[in-house]
Amino acid sequence: DACKEIRNLLLHDKKFEFNPKDGIDNPALSLAEDTGKYPYLTRASLCQHRVLAAGHCWSHIIRQVELGGLAQRRGLQDGDRLLQVNGHFVDHMDHCRVVQKIKASGNQVLLAVLDGDSYEAAKALGRDLSQMLPSDIRPRLCHITRDKSGFGFSVSGPEGMKGIFQLSVQQDGPAEKAGVPPGSWLLELNGASVRSYSHMQLTRKLKQSGSKVTLLVASSAVEEFYSLRGMQVTAVLADTSWLPFKVRELHMVKGPAGYGFLLKEDDCSSGATGQFLWEVDAGLPAEQAGMKEGDRLLAVNGESIEGLDHQQTVLKIRAHDDRVTLLVIDPAGDEFYQSIGLSPLLFFEDSDSA
């Protein structure tokens, strides 16, 4: 077999830090354990590597796995090639985007890796690695808008037990149209876990949701997959393809009159500070690329601007004289992701576009 072993690895801890460095090790992934128990850092570096045997293609390679550290204890080995992050196939993705997905994962991340020799052999044979990985392992995040008959689902569970809720879905109702599979289990409601809810509490929370509700749901098979790996199923792992809110990628080449937009710093709905796009000029590159007034800027040339101030963001946009690629989200999508406490960059796929 070209692929000897594909390993699913769970890495989780209190804190993830990304420390950009010069050179091929940019950026490095540091996993810091609870310093109250472990007086050291566990480090694994994620690098980009040229694979000559595979026709000069790029791969994401694991280096500097610390002996005895968290990454090694979970099964990560030096030279492993990273194929999946939280169920997303990443072998074809830009390196900065892969880093964003790991960074946005919070305190746990699920990686699928392949040893280096097997990876190069599989590439040389023209194997499609995405077809060799587990599929349908993600829970689903669904946003439902009530119609005159309701949300289109009902909830049942063992009498007297908390946190165990199975969904029955009305055919052609709002829930089914929003992607809720029949018979799935409810894990989160509007960004909050339902594990401690009684049936009465859940009913009250649903009534308080008004005309819209967001559910994290999973099949029994998906729950078992993560349970066997000691992993809690959260929205970070979700398939969001059914959501109406998408990150958009805008490619712009500067014209004689510039790009044709104004960047302004303002407060987000969460209270944090963000960079917003305004005064989009008709007929100029920004409008032609699909920019809309009020879009929030998320990343510049594949690098997140989270934590950057206005001037730092402007410098990133100007780093390349005549062209730039921006990741943006519209106000409705921005409000949605902030309401559930997740970065939209976590779910951005290469297939998404303006």
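Scroll up to find the structure this text is about.
First things first, this report covers the structure right here in the doc. (Residues numbered from 1 in each chain as written. Predicted model: local features only at pLDDT ≥ 70, side-chain atom pairs only at ≥ 80, totals over all residues. Heavy atoms only, no water.)

1. Here's the deal with the side chain of T313
Along the chain, T313 falls in helix α8 (residues 310–317). Relative accessible area serves as the criterion here: at 0%, T313 is assigned to the buried category. Beyond its immediate chain neighbours, meaning those up to four positions away, T313 contacts L263, Q275, L297, I305 and L308. (Helix = DSSP H or I, 4+ residues; strand = E, 2+ residues; numbered from the N terminus. Buried < 20%, exposed > 50% of the residue type's maximum accessible area, 1.4 Å probe, protein only. Contact = heavy atoms within 4.5 Å.)

2. Overview of the packing of aromatic side chains
Summed over all chains, the structure comprises six aromatic pairs. Between F245 and F336 the ring centres are 4.6 Å apart and the planes differ by 20°, which places this aromatic pair in the stacked class. Of this pair, F245 sits in the loop between α6 (220–227) and β15 (248–253) while F336 sits in helix α9 (residues 331–339); the two residues are 91 residues apart in sequence, bridging distant segments of the chain. As far as burial versus exposure is concerned, F245 and F336 are alike and both buried. Among the aromatic side chains, those forming a connected cluster through ring pairs are F245, F336, Y337 and F347. In this arrangement the basic side chain of R146 is found over the ring face of F151, its NZ or CZ atom lying 4.4 Å from the centre. The ring of F225 carries the charged tip of R229 above its face, separated from the ring centre by 3.7 Å. (Phe/Tyr/Trp six-rings, centres within 6.5 Å; stacked < 30°, edge-to-face > 60°. Lys NZ or Arg CZ within 6 Å of the ring centre and 35° of its normal.)

3. Focus: the pattern of salt bridges
Inspection of every chain in the model, using the stated rule, returns eight salt bridges. One salt bridge connects R248 with D295, and the closest N-O pair in it is separated by 2.6 Å. Taken together, the residues span a long stretch of sequence, with R248 in strand β15 and D295 in the loop between α7 (285–289) and β18 (296–300) at a distance of 47 residues. Of the two residues examined, R248 and D295, each falls in the buried class. (Salt bridge = Lys/Arg side-chain N within 4 Å of Asp/Glu carboxyl O.)

4. Focus: the pairing of strand β11 (residues 166–169)
Alternating residues of β11 divide into L167 and V169, all buried, and Q166 and S168, none buried. Across four bridges, strand β10 (residues 153–156) lies against β11 in antiparallel orientation. Within β11, the position partnered with F153 by the bridge is V169. (Pairing = 2+ DSSP bridges.)

5. Topic: the side chain of D80
By secondary structure assignment, the location of D80 is in the loop between α1 (70–73) and β6 (81–85). Beyond its immediate stretch of four places on either side in the chain, D80 contacts R7, H60, I61, I62, G75, V113, L114 and D115.

6. Digging into the pairing of β18
Counting buried positions over the five residues of β18 gives five, a clear majority of the element. Bridge count for β18 against strand β20 (residues 323–329) is four bridges, and the pairing is antiparallel. Counted as the bridge partner of L297 is V328 from β20. As paired strands, β18 and strand β19 (residues 303–304) are joined by two bridges and run antiparallel to one another. The residue of β19 that forms the bridge with V300 is E303.

7. Here's the deal with unusual backbone geometry
Despite not being glycine, E279 shows a phi value in the positive range, around 50°. Following the sequence through the fold, E279 ends up in the loop between β17 (273–278) and α7. For E279, a relative accessible area of 48% translates into the label partly exposed.

8. Brief notes about the nonpolar core
Counting 30 residues, the largest nonpolar core has L141, Y226, L327, F336 and Y337 as the members making the most contacts within it. Listed by contribution, the elements that provide at least two residues to this core are β14 (212–218), α6, β18, β20 and α9. In terms of residue count, the dominant contributor to this core is α6 (three residues). Split by domain, this core shows at least three residues from each of two domains, domain 2 (140–237) and domain 3 (248–346). What Y337 contacts, discounting residues up to four positions off in sequence, is T240, L243, F245, I329, L342, P344 and F347. (Core = buried A, V, L, I, M, F, W, Y, C linked by side-chain atoms within 4.5 Å. Domains from an automatic or database assignment.)

9. Details of the environment of P174
Mapped onto the elements, P174 comes out in helix α4 (residues 174–177). The exposure class of P174 is buried, given its relative accessible area of 11%. Measuring from C-alpha to C-alpha, the distance between P174 and G150 comes to 7.9 Å, with 24 residues separating the pair along the chain. Beyond its immediate chain neighbours, meaning those up to four positions away, P174 contacts I144, T145, D147, G150, F151 and G152.

10. Looking at the environment of F336
Among the residues examined, F336 registers a relative accessible area of 5% and is labelled buried. Residues F336 and T214 lie 122 residues apart in sequence; the distance between their C-alpha atoms is 9.3 Å.

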